[in-house]
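# Descriptive analysis of the structure
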Amino acid sequence: MRLSDSSSWSELSDEQLLALSDDEFDATVPDIADLLSLGPVDIVPEEPPASLWAAIALEVGLDAILSAVPTPDAEPLYRPLGEVQPMERRAPGPAAIKASSRWGGRTAAITLVAACLLLVLVPLGLSRRGGNTEILAAANLEVLDPSATSGHVDLVVKDSTESLELDYAATAPADEYLELWLLAVDDAGEIETLSLGRAEGSGSYEIPADVDRSRFNIVDISIEANDGDESHSGRSILRGQLVS
Amino acid sequence: MPNVATLIRPEAAPEVYPVGREFMTTLDHRFAAGDDAALREAFDLHGPLVLGMARKLVGADAEDVAQQVFLAAWKARERFDAERGPLGAWLVGITRFKSIDHLRAKSRQLRTVDDEFIERSGADEPHEESLAARLADRMVLTQALATLPDERRQIVKMSFYDGLTHSEISEKTGMPLGTIKSHVRRGLLALRDHLSEGRTEADGWEGDDAFV
């Protein structure tokens, strides 16, 4: 007799359930009797600080927008110039208005984060790498999911080509992959996403020359399923704002 | 499906935090349906429980874990089935998962940065994690027990907390031995489902349940 799930055991009659020997039954509920015998462990509730809800609302707000907003031209990098189009402006329907109002808090929070980052970052404008590589901005990427442990990105320019020097530790779940994004948020709270292709480890990721990079000041790494959907999944694992 | 009607017990769970009390309320359904306001309400109602549980398991990082719990729950909300159990119990399962996951990630990080650490105490880390996992299991079970129907809950408690034999419980309650045994077995099966749900369905997207 199988007791593999609730639907099967709850349909058993008492006769059937009691017909199982102790050994047979114990095998279906391993450890539970032992754990129970150790006695109850009550949880002492702890009132969450206001900052905890703020952090959750921040993530949910952005992720909800990202999930809802289609990204028509979020093709990976290395396409002919001119093909990366800004997101189509849509009439601000109810969803857009809602997104906008959410974004108000987000913007304030980003400003705060940016201010904090400024305090801890060294004067990056002065830093130089190699002969003609200049660091324009940098971001410490916030870990949003346990599949990532750390992330940092420098925005560098070399021979008038801008790229992201990415340094991160994260792994994609099996059968899925990580994708690198630049995000832009306008005053109306609408988000444009620009894919820089799959994130395949720390290294350099070039930004297409025709992109107005100054608008795209958020770096984001997401988990993407192999489902043919090229829009952002909303499942961000690392994210940070570039600060010059 | 378990007998839902028998699980609605407004007067249940006097001695533990009432995760089962709002069972089948509209909040649970609105949460599953993706109502934004329901997330806030769920946080207000269950946040103290989630944070308290995380505090006991991961200490200073409890806020981080609690944040992950609510984000994961929100992302996986379509898989929350209000017919199978209350939202609070589901969140407790996710807290269990995220806490253990956090401890694993942390010890992995320590191993990476400090080779010496491995040599000195590497063997202790899995032990610590399994201790935490067992504590988390007991928390989940204690909470899940509160969602059982009154009679069944009392009999399971007598059997395992008080260590009474089935015959002793039968004498004490005046119920036939077979009824006692049936309650104990059905109770254990229901608790098993709570525990396995926390282990496998809790996580929104990694699908990693290999830490048991």
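Rules and cut-offs
Residues numbered from 1 in each chain as written. Chains lettered and ligands numbered in written order. Predicted model: local features only at pLDDT ≥ 70, side-chain atom pairs only at ≥ 80, totals over all residues. Heavy atoms only, no water. Helix = DSSP H or I, 4+ residues; strand = E, 2+ residues; numbered from the N terminus. Buried < 20%, exposed > 50% of the residue type's maximum accessible area, 1.4 Å probe, protein only. Contact = heavy atoms within 4.5 Å. Areas by Shrake-Rupley, 256 points an atom, 1.4 Å probe, with all protein chains shown as cover. Buried area = accessible area lost by both parts, 1.4 Å probe. Salt bridge = Lys/Arg side-chain N within 4 Å of Asp/Glu carboxyl O. Core = buried A, V, L, I, M, F, W, Y, C linked by side-chain atoms within 4.5 Å. Pairing = 2+ DSSP bridges. Axes fitted to C-alpha atoms, helices over the stretch in contact; angles between N-to-C directions. Parallel < 35°, antiparallel > 145°, perpendicular 65-115°, else oblique. Left-handed = near helix turned anticlockwise from the far one by under 90°. Nonpolar A, V, L, I, M, F, W, Y, C, P; charged D, E, K, R; others polar. Patch = residues over 30% accessible without salt bridge, like charges linked within 9 Å, V, L, I, M, F, W, Y side chains within 5 Å. Lys, Arg positive; Asp, Glu negative; His and termini not counted. Charge placed at Lys NZ, Arg CZ, Asp CG, Glu CD. Phe/Tyr/Trp six-rings, centres within 6.5 Å; stacked < 30°, edge-to-face > 60°. Lys NZ or Arg CZ within 6 Å of the ring centre and 35° of its normal. pLDDT = per-residue confidence, 0-100.

When helices and strands are counted, chain A shows 6 helices and 10 strands. Taken over 244 residues, chain A has a buried fraction of 44%. Residue pairs at least 24 apart in sequence account for 58% of intrachain contacts in chain A once pairs closer than 6 positions are excluded. A total of about 12100 Å² of accessible surface is found on chain A, and carbon and sulfur atoms cover 54% of it.

Another aspect to go through is the interface of chain B and chain A. At the junction of the two partners, chain B supplies 53 residues and chain A supplies 53 residues. Together chain B and chain A conceal approximately 5100 Å² of surface at their shared face, both sides included; 66% is due to carbon and sulfur atoms. By the criterion of area lost to chain A, the three top residues of chain B are Arg185, Arg186 and Arg192 of chain B, representing 15% of everything that side buries. Inspection of the chain B/chain A interface yields 3 salt bridges.

To continue, consider the nonpolar core. Ranked by internal contacts, the top residues of the largest apolar core, which has 67 residues, are Ile56 of chain A together with Phe31 of chain B. Those residues in contact with Ile56 of chain A that lie beyond four places of it in its chain are Leu39, Phe43, Gln67, Phe70 and Leu71 of chain B.

The next subject is the side chain of Gln67 of chain B. Inspection of the secondary structure puts Gln67 of chain B in helix α4 (residues 62-75). Residue Gln67 of chain B is classed as buried on the basis of its relative accessible area, which comes to 14%. Beyond its immediate stretch of four places on either side in the chain, Gln67 of chain B contacts Leu52, Ala55, Ile56 and Glu59 of chain A.

Here we come to the pattern of salt bridges. Here the structure, examined in full by the defined rule, presents 15 salt bridges over all chains. Residue Glu176 of chain A is joined to Arg235 of chain A by a salt bridge in which the shortest nitrogen-to-oxygen separation is 2.9 Å. Within this pair, whereas Glu176 of chain A is found in strand β6 (residues 176-185), its partner Arg235 of chain A is found in the loop between β9 (218-225) and β10 (236-241), the two being separated by 59 residues in sequence. Arg235 of chain A shares its class with Glu176 of chain A; the two are buried. Between Arg192 of chain B and Asp193 of chain B there is a salt bridge; the shortest N-O distance is 3.5 Å. Residue classification places Arg192 of chain B among the buried positions, given a relative accessible area of 12%. Owing to a relative accessible area of 12%, Asp193 of chain B belongs among the buried residues under this scheme. In the salt-bridge network here, residues are joined through shared partners; they are Asp22 of chain A together with Lys181 and Arg185 of chain B.

Residue and element names in this part refer to chain A. Spatial strand order, β3-β10-β9-β6-β7: 5 strands in an open sheet with antiparallel pairing. Of all strands in the sheet, those bounded by a partner on one side alone are β3 (142-143) and β7 (191-198). As paired strands, β6 and β7 are joined by 6 bridges and run antiparallel to one another. Bridge pairing in β7 links Glu179 to Arg198.

All names here are of chain B. Contact geometry for helix α8 (residues 150-160) and helix α9 (residues 166-173): axes closest at 9 Å, N-to-C directions at 135°. As summarised for this structure, α8 and α9 are arranged oblique, according to the angle between their axes. Of the two possible hands of crossing, α8 and α9 adopt the one that is right-handed. Between α8, through Ile155, Met158 and Ser159, and α9, the contact on the second element is made entirely by His166, Ile169, Lys172 and Thr173. By residue class, the composition of the contact of α8 with α9 is 3 nonpolar, 3 polar and 1 charged.

A separate point is a negative patch on the surface. All names here are of chain A. A cluster of like negative charges, contributed by Asp23, Glu24, Asp26, Asp31 and Asp34, occupies part of the molecular surface. In terms of residue count, helix α3 (residues 22-28) provides more of the negative patch than any other element does, 3 residues in total. When you line up the elements, Glu24 lands in helix α3. Under the relative-accessibility criterion, Glu24 is labelled partly exposed at 45%.

Bringing the packing of aromatic side chains into the picture now. Describing an aromatic ring pair means giving the distance of the ring centres and the angle of the ring planes. Applying the stated rule across the entire model yields 4 aromatic pairs over all chains. When the centroid spacing of 5.1 Å and the interplanar angle of 40° are considered together, the rings of Phe80 of chain B and Trp90 of chain B count as tilted. One end of the pair, Phe80 of chain B, is in the loop between α4 and α5 (87-113); the other, Trp90 of chain B, is in helix α5, and 10 residues separate them in sequence. According to the relative accessible area criterion, Trp90 of chain B is buried, its value standing at 5%. Every member of this aromatic cluster is reached through a ring pair, and the members are Trp53 of chain A together with Phe43 and Phe70 of chain B. The ring of Tyr177 of chain A carries the charged tip of Arg198 of chain A above its face, separated from the ring centre by 3.7 Å. Positioned over the ring face of Trp74 of chain B is Arg77 of chain B, at 4.1 Å from the centre of the ring.

Bringing the environment of Leu135 of chain B into the picture now. Mapping Leu135 of chain B onto the fold places it in helix α7 (residues 124-145). Given a relative accessible area of 24%, Leu135 of chain B falls into the partly exposed group. The sequence separation of Leu135 of chain B and Arg96 of chain B amounts to 39 residues, and the corresponding C-alpha distance is 9.2 Å. Not counting residues up to four positions away in its chain, the partners in contact with Leu135 of chain B are Val41 of chain A together with Lys56 and Leu57 of chain B.

Turning next to the confidence of the model for chain A. Residues and elements named next belong to chain A. Summary statistics for chain A give a mean pLDDT of 72 and a share of 65% for residues scoring 70 or more. Within the model, pLDDT remains below 50 along residues 68-108, and this stretch shows 66 contacts once partners closer than five positions in the same chain are excluded. This model gives residues 115-129 a pLDDT under 50, and the stretch forms 20 contacts once residues within four places in sequence are excluded.

Moving on: the packing of helix α2 (residues 26-33) of chain B against helix α3 (residues 36-58) of chain B. All names here are of chain B. At a closest axis distance of 8 Å, the pairing of α2 and α3 adopts a crossing angle of 130°. By the angle between their axes, α2 is oblique relative to α3. When you trace α2 past α3, the crossing you get is left-handed. Packed against α2, whose contacting residues are Leu27, Arg30 and Phe31, the element α3 presents Ala37, Ala38, Leu39, Glu41, Ala42 and Leu45 at the interface. In terms of residue class, the contact of α2 with α3 is built from 7 nonpolar, no polar and 2 charged.

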